[in-house]
Amino acid sequence: MMNRREFLQLLAVAAASGMAIDSKQVLAGNAPSEFYDVPAYGNVSLMHMTDCHAQLLPIYFREPNVNIGVGGAVGQPPHLVGEYLLKHYGIRPGTREAYAFTYLDFQAAARTYGKVGGFAHLKTLVDKVRASRPGSLLLDGGDTWQGSATSLWTNAQDMVDACKLLGVNVMTGHWEFTYGAERVKQIVNNDFKDSIDFVAQNVTTNDFGDQVFKPYTMKVINGVQVAIIGQAFPYTPIANPRYMVPDWTFGIQDENMQKVVDETRAKGAQVVVLLSHNGMDVDIKMASRVTGIDAILGGHTHDGVPQPYQVKNAKGITLVTNAGSNGKFLGVMDFDVRNGKIAGWKYRLLPVFSNLIAPDAKMAKFIDNVRAPFIAKLDEKLAITEDVLYRRGNFNGTFDQLILDALMAVKGADAAFSPGFRWGTSLLAGDTITMDKLMDQTAITYPSTSLTEMTGATIKTIMEDVCDNLFNSDPYYQQGGDMVRVGGIQYTVHPNNKIGNRISNMMLKGKPIDASRKYKVAGWAPVAEGATGVPIWDVVATYLRDIKVVKPRPLNMPKVMGIGNNPGYVV
Amino acid sequence: MNMLRRNILKGASAAGTLAIAAGLFGTGNAFAAYNTAAFGAKSVADALKGMGAATPTDSKDIAIKAPDIAENGAVVPVEVTSKIAGTTSIAILAEKNPNPLVASFKLENGAEPYISTRIKMGQTAMIRAVVTAGGKTYTTAKEVKVTIGGCGG
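Thresholds, definitions, all that
Residues numbered from 1 in each chain as written. Chains lettered and ligands numbered in written order. Predicted model: local features only at pLDDT ≥ 70, side-chain atom pairs only at ≥ 80, totals over all residues. Helix = DSSP H or I, 4+ residues; strand = E, 2+ residues; numbered from the N terminus. Buried ≥ 20, exposed ≤ 12 C-beta atoms within 10 Å, placed from the backbone. Contact = placed C-beta atoms within 7 Å. Rg over C-alpha atoms; globule rule 2.2 N^0.38 Å. pLDDT = per-residue confidence, 0-100. Pairing = 2+ DSSP bridges. Arc of directions from axis to C-beta. Nonpolar A, V, L, I, M, F, W, Y, C, P; charged D, E, K, R; others polar. Domains from an automatic or database assignment. Axes fitted to C-alpha atoms, helices over the stretch in contact; angles between N-to-C directions. Parallel < 35°, antiparallel > 145°, perpendicular 65-115°, else oblique. Left-handed = near helix turned anticlockwise from the far one by under 90°. Core = buried A, V, L, I, M, F, W, Y, C linked by C-beta atoms within 7 Å.

## Here's the deal with the overall build of chain B
Reasoning step 1: Within chain B one finds four helices and eight strands.
Reasoning step 2: In chain B, the succession of helices and strands from N to C terminus is α-α-α-α-β-β-β-β-β-β-β-β.
Reasoning step 3: Split into buried and exposed, the 153 residues of chain B put 42% on the buried side.
Reasoning step 4: The long-range fraction of contacts in chain B, counting pairs at least 24 apart against all pairs at least 6 apart in sequence, stands at 62%.

## With respect to the overall build of chain A
Reasoning step 1: Of the regular secondary structure elements, chain A holds 17 helices and 25 strands.
Reasoning step 2: Taking 25 Å as the expected radius of gyration for a compact globule of 571 residues, we find that chain A reaches 23 Å, a close match to that expectation.
Reasoning step 3: Principal axes of the C-alpha set define a box for chain A whose edges measure 70 × 60 × 50 Å.

## Observations regarding the confidence of the model for chain B
Caution applies to low-pLDDT parts of the model: their predicted coordinates are not meant to be read in detail.
Residue and element names in this part refer to chain B.
Reasoning step 1: Averaged over chain B, the pLDDT score is 83; the fraction of residues at 70 or greater is 77%.
Reasoning step 2: Throughout residues 5-30 the model reports pLDDT below 50, and contacts reaching past four residues in sequence, or to other chains, amount to 35 contacts.
Reasoning step 3: The ipTM, which scores confidence in the relative placement of chains, is 0.85 for this predicted complex, and the corresponding pTM is 0.91.

## Remarks on the sheet that holds strand β21 (residues 503-508) of chain A
As a general point, the strands of a sheet are linked pairwise by backbone hydrogen bonds and lie either parallel or antiparallel.
All names here are of chain A.
Reasoning step 1: Spatial ordering of the open sheet is given by β22-β21-β20-β25, a layout of four strands whose pairing is mixed. The sheet terminates laterally at β22 (511-512) and β25 (559-560), the two strands that pair on one side only.
Reasoning step 2: Where strand β20 (residues 489-493) meets β21, four bridges bridge the pair, whose relative direction is antiparallel. Each bridged residue has a counterpart across the sheet, and for Gln490 the counterpart in β21 is Met507.

## Observations concerning helix α4 (residues 44-51) of chain B
Residues spaced three or four apart along an α-helix face the same direction, because each turn holds 3.6 residues.
Residue and element names in this part refer to chain B.
Reasoning step 1: Buried within α4 we find Ala47, Leu48 and Met51. Down the axis of α4, the buried side of the element spans an arc of 100°, and every buried residue falls inside it.
Reasoning step 2: Taken together, the buried residues of α4 touch α3 (36-39), β4 (87-94), β5 (101-106) and β7 (125-133).
Reasoning step 3: Phi turns positive, to about 75°, at Gly52, one or two residues after α4.

## Here we look at the interface of chain B and chain A
Reasoning step 1: Contacts between the two partners involve 15 residues from chain B, matched on the other side by 33 residues from chain A.
Reasoning step 2: Looking at the side of chain B that touches chain A, its residues break down into five nonpolar, seven polar and three charged.

## What about the domain arrangement of chain A?
Residue and element names in this part refer to chain A.
Reasoning step 1: Here the domain parsing of chain A yields domain 1 (41-59 + 115-367) and domain 2 (380-560).
Reasoning step 2: Computed from C-alpha atoms alone, the centre-to-centre distance between domain 1 and domain 2 is 29 Å.
Reasoning step 3: Each partner contributes to the interface: domain 1 provides 29 residues, whereas domain 2 provides 20 residues.
Reasoning step 4: Those elements giving two or more residues to the side of domain 1 that touches domain 2 turn out to be α6 (149-153), α9 (236-239) and α11 (280-289).
Reasoning step 5: Per element, the largest residue contribution to the side of domain 1 that touches domain 2 is four residues, and it comes from α11.
Reasoning step 6: Residues that form the side of domain 1 that touches domain 2 fall into these classes: 12 nonpolar, 14 polar and three charged.

## Topic: the sheet that holds strand β8 (residues 136-144) of chain B
Residue and element names in this part refer to chain B.
Reasoning step 1: Ordered by their spatial adjacency, five strands build an open sheet running β1-β8-β7-β4-β5, and the pairing between neighbours is mixed. Both outer strands of the open sheet, β1 (57-58) and β5, are each paired with one neighbouring strand and no more.
Reasoning step 2: Looking at chain direction, β4 and β7 are connected through seven bridges and run antiparallel. Across the sheet, Ile90 pairs through a bridge with Val131, a residue of β7.
Reasoning step 3: Along the sheet, α4 makes contact with β4, β5 and β7, crossing β4 at roughly 160°.

## Some points on the pairing of β5(B)
Reasoning step 1: Most of β5(B) sits inside the fold, with five of its six residues counted as buried.
Reasoning step 2: Where β4(B) folds back on β5(B), the antiparallel hairpin that results is connected by six residues.

## Quick look at the environment of Phe39(B)
Residue and element names in this part refer to chain B.
Reasoning step 1: By secondary structure assignment, the location of Phe39 is in helix α3.
Reasoning step 2: With 86 residues separating them in the primary sequence, Phe39 and Ala125 have C-alpha atoms 18 Å apart.
Reasoning step 3: Not counting residues up to four positions away in its chain, the partners in contact with Phe39 are Tyr34, Asn99 and Leu101.

## A few points about the packing of helix α15 (residues 435-442) of chain A against helix α17 (residues 536-547) of chain A
All names here are of chain A.
Reasoning step 1: Packing of α15 against α17 brings their axes to within 10 Å, and their N-to-C directions diverge by 135°. As the angle between them shows, α15 and α17 are arranged oblique. Crossing of α15 against α17: the hand is right-handed. Side by side, α15 and α17 meet where Met435, Leu438, Met439 and Thr442 of the first sit next to Ile536, Trp537, Val540 and Ala541 of the second.

## A word on unusual backbone geometry
Reasoning step 1: Look at the link from Pro77(A) to Pro78(A): it is a cis peptide, with omega at 5°.
Reasoning step 2: With respect to the secondary-structure elements, Pro78(A) resides in the loop between β1 (44-49) and α2 (82-89).
Reasoning step 3: Of note, Asn109(B) is a non-glycine position whose phi angle comes to about 50°, a positive value.
Reasoning step 4: Mapped onto the elements, Asn109(B) comes out in the loop between β5 and β6 (114-119).
Reasoning step 5: Assessed through the 10 C-beta atoms surrounding it within 10 Å, Asn109(B) is described here as exposed.

## Thoughts on the nonpolar core
Reasoning step 1: One finds Ile228(A), Ile229(A), Val273(A), Leu407(A), Val540(A) and Ile92(B) to be the most contacted residues of the largest nonpolar core, which totals 210 residues.
Reasoning step 2: Among the elements that line this core, the one with the most residues is helix α14 (residues 398-411) of chain A, at eight residues.
Reasoning step 3: Composition of this core by domain shows at least three residues from each of domain 1 (41-59 + 115-367) and domain 2 (380-560) of chain A.

## Focus: α2(A)
All names here are of chain A.
Reasoning step 1: Among the residues of α2, Gly82, Leu85 and Leu86 are the ones counted as buried. The buried residues of α2 occupy an angular sector of 100° when the element is viewed end-on, so they sit on one face.
Reasoning step 2: Looking at the buried residues of α2, the elements they touch are α3 (96-101).
Reasoning step 3: Directly beyond the C-terminal end of α2, a positive phi value near 65° is found at Gly90.

## Re the environment of Tyr89(A)
Reasoning step 1: If you trace the backbone, Tyr89(A) turns up in helix α2.
Reasoning step 2: The residues touching Tyr89(A), leaving out its near neighbours within four places in the chain, are Pro306(A) and Gln307(A).

Printed below as a string of structure tokens:
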């Protein structure tokens, strides 16, 4: 079992071997080739990727500087940003790891250490880990089929084929369901037949409560029985359009989870792992209530958490991990199972540095073929950005600000809302915003924009509602997205207050929002059926073609009150 | 009849049971007289008073199974199980509904104290179960959130 001291030593060795950002010999491309020589351990190894959001090519991804924890989560993983995170895990500032796990010096570090992820690079890494760990499995936590132009335009086929080529063994889902129930079933029953187990204990039919997917799959790894249980995103029909999965019900389903765990143990499972799309806070609560799970390999909240969070429950300890997003990381969980019991474990969350890994030729060719029919459209140059563009963060990101500004300008709106999605890649100053990169922020199956007259009271109700999904002190009421991005309206937020009392001081152009007055509000991604507005990418593309250059623009951030010195908040 | 009713209850429970609330035990059914004072009440206090349960005792032996966040406020699945010996009725209240008392189930001759139904909710509220056993009343509650939706993940 790698304890924190050993982890610190590992990092110290890494640092000593010359991986500091200020060391001339470690510029990208000249880094130690042994970075991925991860010694094998134990006899049961599980690789874990999650929330790649259909990013087949290497990208930049800036981690958040605002990821506030509330209630029992204050100052606990995953609610640590920047130097708080580095300190907690003993990572040296300025290093390759600091670049991977934090936003610190993002632009400079990105130029030094380069892009992350990419399926051709990931494929090489997966094969390397597999070679050192015979029998190991690759688990995919979902949000794999959505997030890029090609995934949308091929109806997810590019990612389905890419995952088969990558060698995924088991999967669960969330955004997958936004392709509609029929498409999901078609892929699971045909493309995945005999190759990938799609598991979800918490998806049942509305009428009789029948399981829609297998709740778990049992695998034998080097003679050890391992159960992998699936947990799809519990709030899919709420956070995403209900009409896309009209006959299915989701939810957290603790009781059924316990039954499934007990069933796998009764059938002889020596290791029980939950492949989860709950989000890390929900996983931590679930680990405290459901017993018998050895590890929860989690996703959804896009938290790159270097080491598992250990949760005590009535019968033992459950390890809870979260493996980031956008193909940036590959988790490797090694168990040493002896006499039917786990005697030790080691975990690593390996950043996928594209410059350190040779791309797999077959996967690279596959990706080229996927993109070829669309290449002219993908490569259309819309504008140049003079600022870093990113999305991730509790309240706003520079790319979201750009989307809000585009919505207000093109629609002639007083204010705008943009969903608090956590996917979306980053661009550096000087980069070209291509249609490909715009689609990274907007590629969804319900992209309609709208212009609606709303009273000030309605605007506040919406903001309070979404804010409660983020800051409810009970994780089971959190949906795992960020706060709705707000354009045109300045406001104050008290995360620790209750719903109805978090949002205050709402101002538009220097005047207080009047509860009874109507305002023109632009938005996109409606969850109700039947919307026919212009797709968001067309609205933003129109705006970008017009302005040609994206200057650094003011980021509309709320005034955050009442959180004290929260290690999830650095501005 | 008693066996039949038990079987209906059991069968309906297993099947998910819209039937129970809508047909068998709904307003004006053959099994129980319609309690206008309780069902017509516009506040939780009045509904409880109308039921003859003005001050029920909090109990940990009643379990409410309902979603933390409703997928559709118009059909929220709610299950109530009572472990209190001699349970003779289970009622469900949605505290912020215009008429908070949603359903009341009479259980006779040792019927299993478990009900499963779907209720309509207009907004986030506490779902309260009220159990009668041995002439006394017991209660527990759980919050079910009804949200606008969207903006997730």
